[in-house]
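Residue-level structure breakdown
For reference, the chains in residue letters:
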Amino acid sequence: QVQLMESGGGWVQPGGSLRLACTTSGSIFSINAMAWYRQAPGKERELVALITGAGFTNYADFVKGRFTISRDAAVNTMNLDMNNLKPEDTAVYYCNANLVPADDTGEYDYWGQGTQVTVSS
């Protein structure tokens, strides 16, 4: 069974940096896209950044120029480098993948459990 797991969250002061990682487990045939979402208290979950299987990236306007998404296709992992963090970046960050499991022909969305990022002084 495919599972996603995030790591790298924590507390950082405004202007600081963090790197989030998303690792996969289970047998995967192919990954169409991976993405980072976040959800702040009392708000809906929102897309932060996305990277396709071909390596194309897309960012939410509120992180452009500050966050960088990357992926190691050989080991099906994904990272999010977050720089110049702001208090409004405080949220639970979730890893998402749209993929085809090795024992299936369908495409499915998988989610990690989330990792807390807190930006405060």
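Structure report, in brief.

1. A look at the state of the cysteines
- Here the structure, examined in full by the defined rule, presents one disulfide.
- Through a disulfide, cysteine 22 is tied to cysteine 95; the S-S separation comes to 1.9 Å. Its torsion about the S-S bond being -65°, the disulfide of cysteine 22 and cysteine 95 is classed as left-handed. With cysteine 22 in strand β3 (residues 18–25) and cysteine 95 in strand β9 (residues 91–101), the pair connects residues that are 73 residues apart, well separated along the chain.

2. What about the pairing of strand β10 (residues 108–111)?
- Bridge count for β9 against β10 is four bridges, and the pairing is antiparallel. Considered in β10, the bridge of leucine 99 is made with tyrosine 108.
- Between the antiparallel neighbours β9 and β10 lie six residues.

3. Some remarks on the sheet that holds strand β1 (residues 3–7)
- The strand order β1-β3-β8-β7 describes an open sheet built from four strands, whose pairing is antiparallel. The sheet is open, and its two borders are formed by β1 and β7 (67–72), each paired with just one other strand. Ignoring strand direction, the axes of neighbouring strands in this sheet form an average angle of 15°.
- With five bridges joining them, β3 and strand β8 (residues 77–82) adopt antiparallel strand pairing. Its bridge partner lying in β8, cysteine 22 is registered against methionine 78.

Conventions and cut-offs
Residues numbered from 1 in each chain as written. Predicted model: local features only at pLDDT ≥ 70, side-chain atom pairs only at ≥ 80, totals over all residues. Heavy atoms only, no water. Disulfide = S-S within 2.5 Å. Helix = DSSP H or I, 4+ residues; strand = E, 2+ residues; numbered from the N terminus. Pairing = 2+ DSSP bridges. Axes fitted to C-alpha atoms, helices over the stretch in contact; angles between N-to-C directions.

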